[in-house]
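A structural walkthrough
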Amino acid sequence: MNSDTFQHGGTVFAVARQLGVAPEEILDFSASINPLGPAPGVSGAVAAAFSRVVHYPDSGCHELRQALARHHGLEAAQVVVANGSTELIHLLPRLVPARSRRALLVAPAFSEYAHALDLSGWRYDYLPLRPATGFALDKEQLAATLDQGYDLLFLGNPGNPSGRLYCLAEVEQLLDLCRDKGVFALLDEAFMDFCEEESAKRLALARDNVLVLRSMTKFYGFPGLRLGYALGKAEHIGKVARHLPPWSVGVLAQAAGLAGLADRAHGEETRQLVTGERSWLAAELGRLPGLTIFPGAANYLLGEMGGELTATMLAEKLLPQRILIRTCGNFAGLGERFFRVAVRSRGENEILVRAMGELLS
Ligand SMILES: Cc1ncc(COP(=O)(O)O)c(C=O)c1O
């Protein structure tokens, strides 16, 4: 296997090439995408929008911003749309007011924060949260660390890959702390659609030092189309919009976003399915010898191996069965024993449990 095989989630095209099979033949538990796929109306909306590819897209994503604002109960001026939240993660270090260009990453964390900071000439440190505490945030430790002179804090909520949800009251305290210490906070809520009531979107409107990042590729089920957005104070949002390249969100992605948002029933069905399947999968995997499964609030679960196998060995043994999982050895704060699996439909989850059961028993 290529050394990159397990370094990122969702590498189905590369893995399919290596195995000599079609991407559709891979059961991909490594990327955490809505198991129901996009809402039924999305493919028709994208097909209908195809006639518009002869035009440049609406650069300001006017209609989609209006729809997102309605969806969240905000003003359109408080929303900016981008080509996946990754585009925003890469842009924002260039815009955040900085004295020392030092960032603190609450870990384990999505690897693109570090990549983006590297590319923008920032230095960064990790604040590793401990598996033994369930990845709890220690406010005193955070305060003491921020005193060392940081300009920027990245926090994923729910955490990825930990799955840990930090409740709104806790995030509010964290934002107070950041404000007092002159730190700008980027709250990555890429998976918050699964627990919307804990979103800090409203807090962001009333504060100068925070932006909330959201993704439409996971919950809405179309990572191949690329769509994300930021929420926050209109003046910050305006600045982000001015720095995005023009036309970064194509007509097909805009159409998909509108159709996905419009289908509230599909969203509800997704939440219900994922909540039920997450409990089922956590219980079944938790019964396998040596495995610890951490509680998660989104559509993935973090696991820790206790026996002799490492997560990479497990992943390599699952691959010939065309099952792909995410090893977590390259996440700061985790090690070779950690892996992440997406919550999929019951039949698919059963295949995973059976395959892992045979390998671990
Ligand atoms: C925590 C987190 N944030 C952001 C992203 C980027 O999502 P996208 O660029 O598809 O919107 C990912 C993708 O896996 C993620 O896991």
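Coordinates for the structure precede this section.
Below is a short write-up of the structure.

What counts and what doesn't
- Residues numbered from 1 in each chain as written.
- Predicted model: local features only at pLDDT ≥ 70, side-chain atom pairs only at ≥ 80, totals over all residues.
- Heavy atoms only, no water.
- Axes fitted to C-alpha atoms, helices over the stretch in contact; angles between N-to-C directions.
- Helix = DSSP H or I, 4+ residues; strand = E, 2+ residues; numbered from the N terminus.
- Left-handed = near helix turned anticlockwise from the far one by under 90°.
- Contact = heavy atoms within 4.5 Å.
- Nonpolar A, V, L, I, M, F, W, Y, C, P; charged D, E, K, R; others polar.
- Buried < 20%, exposed > 50% of the residue type's maximum accessible area, 1.4 Å probe, protein only.
- Pairing = 2+ DSSP bridges.

**Some words on the packing of helix α2 (residues 41-49) against helix α10 (residues 251-262)**
Between α2 and α10, the least distance of the axes is 8 Å, while the angle of their chain directions is 145°. Between α2 and α10 the crossing geometry is right-handed. Contacts between α2 and α10 pair Gly41, Val42, Ala45, Val46 and Ala49 from the former with Val251, Leu252, Ala255, Ala256, Ala259 and Gly260 from the latter. Considered class by class, the residues forming the contact of α2 with α10 number 9 nonpolar, 2 polar and no charged.

**Describing the environment of alanine 241**
With respect to the helices and strands, the residue alanine 241 is situated in helix α9 (residues 234-243). When its relative accessible area of 41% is taken as the criterion, alanine 241 is described as partly exposed. With 162 residues separating them in the primary sequence, alanine 241 and valine 79 have C-alpha atoms 9.2 Å apart.

**Topic: the environment of glycine 357**
Relative to the helices and strands, glycine 357 resides in helix α13 (residues 346-360). Separated by 279 residues in sequence, glycine 357 and glutamine 78 place their C-alpha atoms 48 Å apart.

**What to know about unusual backbone geometry**
A cis amide bond links alanine 107 to the next residue, proline 108, at an omega of 5°. For proline 108, the position within the fold is in the loop between β3 (102-107) and α5 (111-119). The omega angle of the peptide bond from asparagine 157 to proline 158 is -5°, so this bond is cis rather than trans. Here proline 158 lies in the loop between β5 (152-156) and α7 (168-180). Its identity as a non-glycine residue notwithstanding, cysteine 61 has a phi of 50°, on the positive side.

**What to know about the sheet that holds strand β13 (residues 338-342)**
Sheet architecture is open: 4 strands sit in the order β9-β10-β13-β12, paired in antiparallel fashion. Each edge of the open sheet carries a strand with a single partner, namely β9 (291-293) and β12 (326-327). As defined by bridge partners, strand β10 (residues 300-305) adjoins β13 across 5 bridges and the pair is classed as antiparallel. In the strand pairing of β13, glycine 303 is matched with phenylalanine 339.

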